[in-house]
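# Structural overview
Here are the chains, one letter per residue:
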Amino acid sequence: MAYYLRGETAVRLIQLLPTISKNDAVSNHALMIKNELDDLAIENEIIAENIDPALYREAKEIKEYKKKQGDICIYHFSIVSHHVFELLQQFDGVKMMIYHNITPPEYFKKWSGTLYQATSQALKQIRSAKGLFDLVVADSNFNRDDLLSYGFDNVHVIPLRSPLLNLQNRNSDHLEKNRKKNNTILFVGRIAPNKNPESLLRVFYYYQKYFFPDSSLELIGSYHGMEDYLEYLKLLSRHLGLENVAFRGMINTNDLIKAYQSATIFLSMSEHEGFGVPIQEAMHFRLPILALNAGAISETLHTGGLLINEKNYKYIAALANILYKNDELRKVIQEQQKLVIHDKYSIENTSVKRILELLS
Amino acid sequence: MKENEFVQTNALNIDIRDIMKQIEALAISMEGDEKGYTNNINWSVEIDNDTLVRNTQILHRIWDIPFNRPILHQGKFTIIKYFIKRVIRKMVFWYVGPSFVQQREFNAHIVRTIESMVQTLEHQGDLLRNTELMFENVNKLISQNQLVNESLKKLNSDLETRVFNLESANNINFDYLGFEERYRGAQEHITQKQRQYIQYFDGKTNVVDLGCGRGEMLDLFREYAIAAIGVDSNKTMVDTCRKKGHRVYETDILNFLENSQDEHFDGIYLGQVIEHLTNNQLEYLLRLIFKKLKLQGVMIMETPNPQTLSVFSQAYLLDPTHVVLRHPLTMEYILEDYGFKDIKIIYSSPMPAEYKVSHLFADPQISERMNKWEAILFGNQDYAIVATK
């Protein structure tokens, strides 16, 4: 295992992140790295400011951290943090940053003062952090460009790999039949203005009214801290006279997998996406995708779906109708998804090993 | 990459152009329906009272966590299971118990706080509704008041118009001085006629000529060295008098008397005035005169004599400002009624000699009858009534 060692000394890898919680892309990434490091028998720890009680085993609090010579640090950047950032600054070993994108604060201005503040401060913090790291990794080209604009250079791109990709996916004729019977449009992602669930409702209005009165729309994702926005979405839904719209909130992994397996179309209207983990997951489960061409969506989706360049709700509804009816098109897309997951997001391409290579 | 304005894909084996055609065809059915784009949603955090009440009820139900839940025992080894569970409970009680009690206390407080908040909200809601009702009523009252005000205003202006019409019904604007010059007769003639009244003002020191006109009577007063002033509402008349050096007030005679001191005058003369007054005005004038006259003060009113029929065809109808002619006996009675004494009627302006026919008849019987006829037809044109307070 000399490969993972610096010189002759055994290293310890410390992952730092502000908050670790279940079903959050950044946390999942950290946990995945931890699992792989555990598998490789490399000593490692996750240190976080806020820890979801369900993850007390996986992560430690800042005060529990005991300094050790030769510690390597991986800092996950997505939102502002204070104590963890202080700890980072005290590190004298190699420091790496994995950048997961900062949502532009404007999206939160109307709905959440806390998130507006947090993202605004995060923008300041990232600018101040340039030069602090020995290595900088972005999970998409889009995020790399973001970092370049903040003054970083020499940014490596290593895509994420959702842990769900390790699960078996069964795509059978039976499953596909079931998908078509359900006629459900699915979106997975936090209920937040940048994810633009509003447009999903607007597209669904035309989809349900003109093509499939029995169709349904499912939104899966936490609305924690966005309760007002959720109420607004419900009001909009009522105003548009929509039926079968479900805001399912945070659900467990099994239910999430079921949702991917039983939905008919994955529709993303997200306006700002640093990577798009659910897109990757939907591809893994061979769920045909329609996505607004924004942020990193195009590169994450690659050939695994159709991109929309214009917020023309009627056209999008019509396109969804085509994607529902045209079995051949669905098949072509599903084949492409298989390839994308297999090639682009292979374990080799996304693995922690690539990160470790950079570090060694 | 296959690109199209609306849709694109990175996959090479998808015919985007065909898809686009299908989209356009499908979109036709949705033309004109812009509801999906609607943006005017009035969103606010609504406190739905029902949900609030419902949730509070749930809180009431669940806040009191049962501490000593019954131990359920099923299946095999029930007694052992039960025993073990009891032991575990006892063992952890010292640790969990106090926190549990605290938790319950906390729950109770929370529920109480929320309950009182809900009640406060309800109370405030009631207050708000009452206030809204009050506002509604006030607004109603205001609009009613506006209506009343408007109709009052309309009524008022209607009344003003009516009063004006009534007041001016008998008004006629023309050159009254010129008219007098032409038809009243020469001033000397009048002076001569009026001279017979002078004797009644003998020794008076404070006389007023109400409606003095061209000032013939004032001339006489001056001639007899009786201190007299005049009152007339016609400016040209007043100017004429003033030119002659008389002291004359330009005002309405009722107004003049109203503003005079009581028992101020010892002589009042009204020449050709009362036939211009309505009953009301006459009554008011006579009462005023009585008030303003000194004891033993004398009043003389000259007016056309309605006992002579030719007066109607001449004097009465000639002047359009005449209202009604006053019969001397009526006047006498009224004056007596109002408190005047020593009432006397003086006839004047006898018929000109050329109208006389009775002397042309030889038969004394006819001549005598004609005399009576003449008296009715062509009697004295005017009379004056003299009265003392």
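Residues numbered from 1 in each chain as written. Chains lettered and ligands numbered in written order. Predicted model: local features only at pLDDT ≥ 70, side-chain atom pairs only at ≥ 80, totals over all residues. Heavy atoms only, no water.

Okay, the overall build of chain B next. Counting secondary structure elements, chain B contains twelve helices and eight strands. When the 389 residues of chain B are sorted by exposure, 33% land in the buried category. Taking all contacts inside chain B whose residues are at least 6 apart in sequence as the whole, residues at least 24 apart take part in 68%. When the accessible surface of chain B is split by element, carbon and sulfur atoms take 56% of a total near 25600 Å². (Helix = DSSP H or I, 4+ residues; strand = E, 2+ residues; numbered from the N terminus. Buried < 20%, exposed > 50% of the residue type's maximum accessible area, 1.4 Å probe, protein only. Contact = heavy atoms within 4.5 Å. Areas by Shrake-Rupley, 256 points an atom, 1.4 Å probe, with all protein chains shown as cover.)

Quick look at the interface of chain A and chain B now. Taken together, the contact between chain A and chain B spans 39 residues of the former and 33 residues of the latter. The junction of chain A with chain B conceals about 3200 Å² of combined surface from both sides, 62% of it contributed by carbon and sulfur atoms. Counting across the chain A and chain B interface gives two salt bridges. Viewed at the interface, chain B and chain A are joined by 19 residue pairs in polar contact (both at pLDDT 80 or more). Elements with a contribution of two residues or more to the side of chain A that touches chain B: helix H6 (197–210), helix H7 (227–239), strand S13 (305–308), helix H11 (313–325) and helix H12 (327–343) of chain A. Per element, the largest residue contribution to the side of chain A that touches chain B is eight residues, and it comes from H11 of chain A. Classifying every residue of the side of chain A that touches chain B by side-chain character gives 21 nonpolar, ten polar and eight charged. (Buried area = accessible area lost by both parts, 1.4 Å probe. Salt bridge = Lys/Arg side-chain N within 4 Å of Asp/Glu carboxyl O. Polar contact = N/O pair within 3.5 Å; in protein donor to acceptor, adjacent residues only side chain to side chain. Nonpolar A, V, L, I, M, F, W, Y, C, P; charged D, E, K, R; others polar.)

The backbone phi angle of Ala 41 of chain A is positive, close to 60°, even though this residue is not glycine. Since its relative accessible area comes to 69%, Ala 41 of chain A is described here as exposed. Even without glycine at this site, Ala 225 of chain B takes up a positive phi of about 55°. You can see Ala 225 of chain B is positioned in the loop between helix H6 (216–223) and strand S3 (228–232). Ala 225 of chain B sits in the exposed class, given a relative accessible area of 71%.

What the seven strands build is an open sheet, ordered S10(A)-S9(A)-S8(A)-S11(A)-S12(A)-S13(A)-S1(B); its pairing is mixed. If you trace the sheet from one side to the other, it starts and ends with strand S10 (245–249) of chain A together with strand S1 (7–8) of chain B, each paired once. Bridge count between S13 of chain A and S1 of chain B: two bridges; the pairing is antiparallel. Each residue of the ladder has a partner; that of Ile 308 of chain A, found in S1 of chain B, is Val 7 of chain B. On top of the sheet, H6 of chain A reaches strand S8 (184–188), strand S9 (216–220), S10 and strand S11 (265–268) of chain A; it is set at about 165° to S9 of chain A, its chief contact. (Pairing = 2+ DSSP bridges. Axes fitted to C-alpha atoms, helices over the stretch in contact; angles between N-to-C directions.)

Our focus in this paragraph is H6 of chain A. Residue and element names in this part refer to chain A. Spanning 14 residues, H6 covers 20 Å between terminal C-alpha atoms, matching the ideal 20 Å at 1.5 Å per step. A large share of H6 lies buried, amounting to twelve of its 14 residues. Of all the positions in H6, only Pro 197, Glu 198, Ser 199, Leu 200, Leu 201, Arg 202, Val 203, Phe 204, Tyr 205, Tyr 206, Tyr 207 and Gln 208 are classed as buried. (Expected span 1.5 Å × (residues − 1).)

Here we take up the pairing of S3 of chain B. All names here are of chain B. Judged by how many residues are buried, S3 sits mostly within the fold: four of five residues are covered. Relative to S3, strand S2 (residues 207–210) runs parallel, the two sharing four bridges. In the sheet register, Leu 210 faces S3, and the bridge partner there is Val 231. With three bridges joining them, S3 and strand S4 (residues 248–250) adopt parallel strand pairing. Considered in S4, the bridge of Asp 232 is made with Glu 250. Taken together, S3, helix H7 (residues 235–243) and S4 constitute a β-α-β crossover, and its handedness is right-handed. (Right-handed = clockwise from strand over helix to strand, strands pointing away.)

A cluster of basic residues, Lys 81, Lys 85, Arg 86, Arg 89 and Lys 90 of chain B, forms a positive patch at the surface. If you trace the backbone, Arg 86 of chain B turns up in helix H3 (residues 78–167). (Patch = residues over 30% accessible without salt bridge, like charges linked within 9 Å, V, L, I, M, F, W, Y side chains within 5 Å. Lys, Arg positive; Asp, Glu negative; His and termini not counted. Charge placed at Lys NZ, Arg CZ, Asp CG, Glu CD.)

Further remarks concern the pattern of salt bridges. Tallied over the entire structure, the rule returns 28 salt bridges over all chains. A salt bridge links Asp 126 of chain B to Arg 129 of chain B; the nearest nitrogen and oxygen atoms lie 2.6 Å apart. Pair noted here: Asp 126 of chain B and Arg 129 of chain B are both in helix H3, with a separation of three residues, about one helical turn. Given a relative accessible area of 40%, Asp 126 of chain B falls into the partly exposed group. What emerges from the salt-bridge pattern is a single network uniting Arg 12, Glu 45, Lys 60 and Asp 71 of chain A.

This next bit is on the nonpolar core. Judged by nonpolar contacts, the single largest core of 85 residues is most densely connected at Tyr 207, Tyr 260 and Phe 266 of chain A. Among the elements that line this core, the one with the most residues is H11 of chain A, at nine residues. The contact partners of Tyr 207 of chain A, leaving out residues within four places of it in the chain, are Asn 183, Ile 185, Phe 212, Ser 215, Ile 265, Ala 317, Ala 320, Asn 321 and Tyr 324 of chain A. With 30 residues, the next largest nonpolar core counts Ile 229, Leu 254, Leu 285 and Ile 289 of chain B among its residues. (Core = buried A, V, L, I, M, F, W, Y, C linked by side-chain atoms within 4.5 Å.)

This paragraph deals with empty space enclosed by the protein. Over the atoms, a rolled probe matching the size of one water molecule traces out where space is still vacant. Residues and elements named next belong to chain A. Applying the stated criterion to the full structure yields three cavities of 30 Å³ or more. Approximately 50 Å³ is the volume attributed to the second largest cavity. Lining the second largest cavity we find Phe 187, Val 188, Gly 189, Lys 195, Phe 266, Ser 268, Glu 273, Gly 276, Pro 278, Ile 279 and Ile 297. In the lining of the second largest cavity, the residues fall into six nonpolar, three polar and two charged. (1 Å grid on protein atoms, 1.4 Å probe; cavity = no way out; pocket = protein on both sides within 12 Å on 5 of 7 lines; lining within 4 Å. Points joined across faces, edges and corners; volume = space filled by probe spheres on them.)

Let us now look at the environment of Phe 266 of chain A. The residue Phe 266 of chain A is located in strand S11 in this model. Look past the residues within four positions of Phe 266 of chain A in its chain and what remains in contact with it is Leu 186, Phe 187, Val 188, Tyr 260, Pro 278, Ile 279, Ala 282, Leu 287, Pro 288, Ile 289 and Leu 290 of chain A.

Using the criterion set out here, one finds 32 aromatic pairs over all chains in the structure. Both rings, one in Tyr 207 of chain A and one in Phe 211 of chain A, keep their centres 6.5 Å apart while their planes meet at 65°; by these two values the pair is edge-to-face. For the pair shown, Tyr 207 of chain A and Phe 211 of chain A are each scored as buried. Clustering of aromatic rings is evident, with ring pairs tying together Tyr 75, Phe 77, Phe 85, Tyr 99, Phe 133 and Tyr 150 of chain A. Positioned above the aromatic ring of Tyr 338 of chain B is the side chain of Arg 287 of chain B, whose terminal nitrogen or guanidinium carbon lies 4.0 Å from the ring centre. Its end group placed over the ring of Phe 290 of chain B, Lys 389 of chain B keeps NZ or CZ at 5.0 Å from the ring centre. (Phe/Tyr/Trp six-rings, centres within 6.5 Å; stacked < 30°, edge-to-face > 60°. Lys NZ or Arg CZ within 6 Å of the ring centre and 35° of its normal.)

Residues and elements named next belong to chain A. Within the open sheet, the seven strands sit side by side as S3-S2-S1-S4-S5-S6-S7. Their pairing is parallel. The open sheet has two edge strands, strand S3 (59–60) and strand S7 (155–157), and neither has a second partner. By the bridge criterion, three bridges tie strand S6 (residues 135–138) to S7 in an arrangement that is parallel. Note on S7: the bridge partner recorded for Val 137 is His 156. Along the sheet, helix H3 (residues 113–128) contacts strand S4 (71–77) and strand S5 (95–99); its crossing angle with S4, the most-contacted strand, is approximately 140°.

All names here are of chain B. Axis separation between helix H9 (residues 279–292) and helix H11 (residues 328–338) bottoms out at 10 Å; the angle between their running directions is 50°. Taken together, the axes of H9 and H11 are oblique relative to one another. In the packing of H9 onto H11, the handedness of the crossing is right-handed. Along its contact with H9, which presents Leu 282, Glu 283, Leu 286, Arg 287 and Phe 290, the element H11 presents Met 331, Ile 334, Leu 335 and Tyr 338. Taken together, the residues of the contact of H9 with H11 break down into seven nonpolar, no polar and two charged. (Parallel < 35°, antiparallel > 145°, perpendicular 65-115°, else oblique. Left-handed = near helix turned anticlockwise from the far one by under 90°.)

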